[in-house]
Amino acid sequence: MKKRWLFARLGAVGALLAGAGIMVLAPSAQSIEASLSAQDSPVWQTNASVQGLAVAAGKAYAGGRFTSVRPPGSPLGSNEVGQAYLAAFDSTTGNLVASFNPVLDGQVYAVAASADGSRIFVGGDFTTVNGQTRNRIAAFDTATGALVANWKPSVSYRVKSIAVSGSTVYFGGSFGLVNGEDRLRLAAVTADTGTLLPWAPATNGDVYAVDVADDGSKAYAGGQFSTVNGTSQNTVTSLDPVTGAVLPFPGASAVPPPNGSCTTRVKTIDTSGDTVYFGNGGDGGGCFDGTWAVDIATNTLKWKSQCLGATEAVKMVNGWLYKGSHAHDCANQGAGGFPQGFGYRFLLTQNPVDGKLGPWFPNTNAGPPTEVGPLAFATGGSDLWVGGDFLLTNGVGQQGLTRFTNAAPGAAPAKPAKLLPYSVQPGVVQIHFPTVGDNDDSTLTYRLLKGFSNTTIATWTVKSTPWDKPWLHYTDTNVTPGEVTNYRVEVTDGTTTIRGNYSDPLTVASTASTAYDQLINADGPQAYWRLGEAAGTTTSVDSSGQSNNGTFSGMTLGTAGKVSGNTAATISASNGKMVGEKAYSMPQQFTVEAWFKQGFLKGGRIIGFGNSKTANSSLNDRMLYLRSNGQVTFGVNDGSQRTINSASNKNNSAWHHAVGTYDNGAMKLYVDGVLAGSQTIGQASLYYGWWRVGNDTTSSWSGGGATQTGMVIDEAAVYPYALTADQVTAHYNAG
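As the structure is a computational prediction, the values presented were derived from the model and not from experiment.

**Student:** In this structure, what is going on with the overall build of the protein? I would like to understand it.
**Tutor:** If you tally the helices and strands in the protein, you get three helices and 60 strands. By the compact-globule yardstick of 27 Å for 735 residues, the protein fits well, its C-alpha radius of gyration being 30 Å. Projecting the C-alpha coordinates of the protein onto the three principal axes gives extents of approximately 90 × 60 × 50 Å. The burial tally for the protein puts 59% of its 735 residues in the buried class. Counted over contacts in the protein with a minimum sequence separation of 6, partners at least 24 positions apart contribute 58%. As presented, the protein carries roughly 25500 Å² of accessible surface, and 50% of it is formed by carbon and sulfur atoms. Of the side-chain charges in the protein, 47 are positive and 50 negative, and the distance between the mean point of each set is 4 Å.

**Student:** Is there a simple way to explain the nonpolar core in this structure?
**Tutor:** A general tendency of soluble globular proteins is for nonpolar side chains to be buried together. One finds Trp529, Ile607 and Phe634 to be the most contacted residues of the largest nonpolar core, which totals 37 residues. The leading source of residues in this core is strand 51 (residues 589-597), at four residues. Listed in part, the 20 residues of the second largest apolar core include Val436, Leu444, Trp460 and Leu506.

**Student:** Please clarify how the side chain of Ser31 should be interpreted in this entry.
**Tutor:** The topology assignment puts Ser31 in the loop between helix 1 (14-20) and strand 2 (40-41). Polar contacts involving the side chain of Ser31 include one to the side chain of Thr495, which spans 3.1 Å. In this structure Ser31 touches Pro409, Ala411, Asp440, Asp441, Asp493 and Thr495, once residues within four positions along its chain are discounted.

**Student:** Got a minute to help me understand the sheet that holds strand 43 (residues 497-499) in this structure?
**Tutor:** By definition, the strands of a sheet pair up through backbone hydrogen bonds, in either a parallel or an antiparallel sense. Read across the open sheet, the four strands follow the order 39-38-42-43; overall the sheet is antiparallel. Single-partner strands in this sheet number two, and they are strand 39 (455-463) and strand 43. The average angle at which neighbouring strand axes cross in this sheet is 20°, direction not considered. With eight bridges connecting them, strand 38 (residues 443-450) and strand 39 associate as antiparallel partners. In the strand pairing of strand 39, Leu444 is matched with Val462.

**Student:** Explain the state of the cysteines to me, please; I cannot follow it from the model alone.
**Tutor:** Each disulfide is one covalent bond, formed between the sulfur atoms of two cysteines. One pass over the structure, following the stated rule, counts two disulfides. Between Cys262 and Cys287 runs a disulfide, and the two sulfur atoms are separated by 1.9 Å. Here the S-S torsion is close to 60°, and the disulfide linking Cys262 with Cys287 is therefore right-handed. Here the residue Cys262 occupies a position in the loop between strand 23 (236-239) and strand 24 (263-272), and Cys287 occupies one in the loop between strand 25 (275-283) and strand 26 (291-295), the gap between them amounting to 25 residues. Side by side, Cys262 and Cys287 carry an identical accessibility label, which is buried. Disulfide partner of Cys307: Cys330, at an S-S distance of 2.0 Å. The sign of the 125° torsion about the S-S bond sets the Cys307-Cys330 disulfide as right-handed. Residue Cys307 is located in the loop between strand 27 (300-305) and strand 28 (311-317), and its partner Cys330 is located in the loop between strand 29 (320-327) and strand 30 (345-350); the two are separated by 23 residues in the primary sequence.

**Student:** Help me understand unusual backbone geometry in this model?
**Tutor:** Negative phi characterises most residues that are not glycine, and trans characterises most peptide bonds. The linkage connecting Pro368 with the following residue, Pro369, adopts the cis geometry, with an omega of 0°. Looking at the element boundaries, Pro369 is found in the loop between strand 30 and strand 31 (374-378). In this structure, Leu601 takes a positive phi of about 65° despite not being glycine. Locating Leu601 in the fold gives a position in the loop between strand 51 and strand 52 (604-610). The phi dihedral of Asn649 is positive, around 70°, even though this residue is not glycine.

**Student:** Would you mind showing me how to read the confidence of the model for the protein here?
**Tutor:** Detailed reading of the predicted coordinates is not advisable wherever pLDDT is low. On average, the protein scores 95 in pLDDT, and the residues at 70 or more come to 96%. This stretch, residues 1-5, has a pLDDT under 50; its non-local contacts, to residues over four places away or in other chains, come to 30 contacts.

**Student:** I'm lost on the packing of aromatic side chains in this one. Help?
**Tutor:** To describe a pair of aromatic rings, you give the distance between the ring centres and the angle between the ring planes. Scanning the entire structure with this criterion turns up 30 aromatic pairs. On the numbers, 4.9 Å between centres and 85° between planes, the contact of Tyr170 with Trp199 is edge-to-face. Residue Tyr170 is located in strand 15 (residues 168-173), and its partner Trp199 is located in the loop between strand 18 (186-190) and strand 19 (207-212); the two are separated by 29 residues in the primary sequence. With respect to class, Tyr170 is no different from Trp199; both count as buried.

**Student:** Looking at this model, I keep getting lost on helix 3 (residues 725-734). Mind explaining?
**Tutor:** Each α-helix winds once per 3.6 residues, and so residues spaced three or four apart point in a common direction. Looking only at helix 3, the buried set comprises Gln727, Val728 and His731. All buried residues of helix 3 project into a common sector of 100° when viewed along the axis, lining one side. Facing away from the buried surface of helix 3 by more than 90 degrees, the exposed residues are Asp726 and Asn733.

**Student:** Please explain the pattern of salt bridges as it appears in this structure.
**Tutor:** Two side chains carrying opposite charge are able to pair once their charged atoms lie near each other. Within the structure shown, the criterion is met by 15 salt bridges. Between Arg265 and Asp283 there is a salt bridge, with its nearest N and O atoms 2.8 Å apart. In this pair, Arg265 sits in strand 24 while Asp283 sits in strand 25, placing the two residues 18 residues apart along the sequence. Judged by relative accessible area, Arg265 falls into the buried class, the value being 9%. Among the ionic pairs, Arg692 bridges to Asp696, the shortest N-O distance being 3.2 Å.

**Student:** Would you mind going over the side chain of Thr570 with me for this structure?
**Tutor:** When you line up the elements, Thr570 lands in strand 49 (residues 567-571). Residue Thr570 is classed as buried on the basis of its relative accessible area, which comes to 15%. A polar contact of 2.5 Å, which involves the side chain of Thr570, links it to the side chain of Thr559. Discounting residues that sit within four places of it in the chain, Thr570 has contacts with Gly554, Met555, Thr556, Thr559, Gly710, Met711 and Val712.

**Student:** Is there a simple way to explain the sheet that holds strand 55 (residues 641-645) in this structure?
**Tutor:** Judged by pairing direction, the sheet is antiparallel, and its eight strands sit side by side in the order 46-47-50-59-52-53-54-55 without closing on themselves. Of all strands in the sheet, those with a lone pairing partner are strand 46 (539-540) and strand 55, marking the two edges. Summarising the sheet, strand 47 (residues 550-553) and strand 50 (residues 577-585) pair through four bridges and their orientation is antiparallel. Residue pairing for strand 50: Gly550 is matched across the bridge by Gly580.

**Student:** I would appreciate a short explanation of the environment of Thr559 in the present structure.
**Tutor:** Structurally, Thr559 can be placed in strand 48 (residues 555-560). Assessed through its relative accessible area of 22%, Thr559 is described here as partly exposed. Note: C-alpha distance between Thr559 and Asn299 (260 residues apart in sequence) is 68 Å. Setting aside residues no more than four positions away along its own chain, Thr559 makes contact with Thr567, Ala568, Thr570 and Val712.

**Student:** Would you mind going over the pairing of strand 25 with me for this structure?
**Tutor:** A regular strand places its side chains so that they alternate between the two faces of the sheet. Counting buried positions along strand 25 gives eight out of nine residues, so the element sits mostly inside the fold. By the bridge criterion, nine bridges tie strand 24 to strand 25 in an arrangement that is antiparallel. The residue of strand 25 that forms the bridge with Thr268 is Gly279. Here strand 24 folds back onto strand 25 in antiparallel fashion, the turn holding two residues, of which Gly273 has a positive phi close to 65°.

Conventions adopted
Residues numbered from 1 in each chain as written. Predicted model: local features only at pLDDT ≥ 70, side-chain atom pairs only at ≥ 80, totals over all residues. Heavy atoms only, no water. Helix = DSSP H or I, 4+ residues; strand = E, 2+ residues; numbered from the N terminus. Rg over C-alpha atoms; globule rule 2.2 N^0.38 Å. Buried < 20%, exposed > 50% of the residue type's maximum accessible area, 1.4 Å probe, protein only. Contact = heavy atoms within 4.5 Å. Areas by Shrake-Rupley, 256 points an atom, 1.4 Å probe, with all protein chains shown as cover. Lys, Arg positive; Asp, Glu negative; His and termini not counted. Charge placed at Lys NZ, Arg CZ, Asp CG, Glu CD. Core = buried A, V, L, I, M, F, W, Y, C linked by side-chain atoms within 4.5 Å. Polar contact = N/O pair within 3.5 Å; in protein donor to acceptor, adjacent residues only side chain to side chain. Pairing = 2+ DSSP bridges. Axes fitted to C-alpha atoms, helices over the stretch in contact; angles between N-to-C directions. Disulfide = S-S within 2.5 Å. pLDDT = per-residue confidence, 0-100. Phe/Tyr/Trp six-rings, centres within 6.5 Å; stacked < 30°, edge-to-face > 60°. Arc of directions from axis to C-beta. Salt bridge = Lys/Arg side-chain N within 4 Å of Asp/Glu carboxyl O.

Structure (structure tokens):
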């Protein structure tokens, strides 16, 4: 995952852009880039968790711990219809199918349908259905809704998962007997009469998931077990679908063995074509919670995605693998997504080829009693039904059950921000702006419009995600000194177009500006803290226009500053700092910049990134700090602490200008307008954090931990790209 800073200029390439006004940097936008819209479609709700789902014969069947259902939009306790543990909904409208009203005496965990859709099979804790004995498993006719009279295997304890393959119904759970015969947590019966089959693999722990290859060649089971048929099998196994024999399964090495800090188990399985997909949930910090894929023919591993946050459901729909989990860290170990701290994403999609996260970003929450979010998926081929313990879908009340379809137009892009153009050189306007999100299309097209005529002067097609929204940059030289103009941005996903507000009118410069703050803002900072607030102020204003104000602590304001007419902040306590209120996901392109002065043999942290907004950070880098010998150091952690040092004696009580830039591995340090050093390193640390001016942990870094009090800091700025040497020099000369 990389943050990108994308440029378009009218100047050297003026002939190209003047004719077409277009720069395309990615494939064309699509209105629904994933196979499903992120906009949820109306469906009735439940008053408690849905734990099993199946779609058959134009209906979606939901089983769980609920005792009533209600229309979409109705709050809990309003318009409720009593329907305990099992209900059906029209697969087109989402409305309750009132004619299907079975009476069960216990909750349902599993629902599965026959291939022809004529029957559904349910499993759970119940012992009666419609007043008739049905010990934990039952079948219903989808045409009539009637309980199938002659289908009544008797299972001794909970049925947790069901899979139907041809004429066979496979199931797993916590039981030990079926029809009075030994069946240790796995069993199979005929789909027509429920006759017990000799298939009897024995596990030493509960089975959570069962599925069978589409061609019927292999069966798979996962759960809380360590042996099958007396053979060591770590929570997952591949079985002969006729004999129940354990088959070679090299791909199962994806599941790490239990140890003192991690126990993970397979919780969901979905076979599709030539591949079987698995989802894991683990106990212990950093334990494997992700998904993995196996080639069915060879049982070898195709890929493994190590998002943290237990995976409870996976389902292939129209070429994408959909994932239900409470994912909270998908940045590390090659997962390619968002970092810890960004928040929970309960719904995601993955590319089935490599497991990378796809362009689908709706969300639910998690509710009682399980507090995990989605628990079950089902599809009718062009939709996704989601059941779980959630109370919200896309931020709106929708309990227990939700669904997504491929209905156009899908989610719309967010509205672009009002532009803040600057003109500090005659006949030149600079424009910088962040991209926006679209919950079912990460590839969007942006057009920069000029004047009230809305003339398109540049076009970009780029990708963004909720955690990675690159900035775009444009330099307009097709202007006349003294001209008054304005700009706006429009964004489209291929179907829906959203326009931002017009910028305030801008007068194009006739003479070069020498105002320091104008020069800084013209180069598009993501945050710019001038630190010139009056003594006693607690809030530092972000002068960039990006609304990232900060909070002062342990700093004295009103010190004489470097730039005329503006004061600076002095670190008056050992932990003195100012922290911006906005957090960012693991920036891979950035610049940190500030003026500082410090006394002899002292040092301290000037500006940088850390994973704490208040206390000292446990993760921190992307920083400028001063050693006690007066060397300025720029530090980035790519798995090791990489540093570049300036010459010494910068703690001579004089003002100095320090800039650190990083562009996807290219790391540079400038001091007083001159390049002090550079090196090429790896990817910067993948964590979620805040830009901080002043104190944070540096003691573990080479030369860190110097006495910080007394350091004066002024004009601190952060940019979402790497400044050029010319820009750095211009800033230094203007200071």
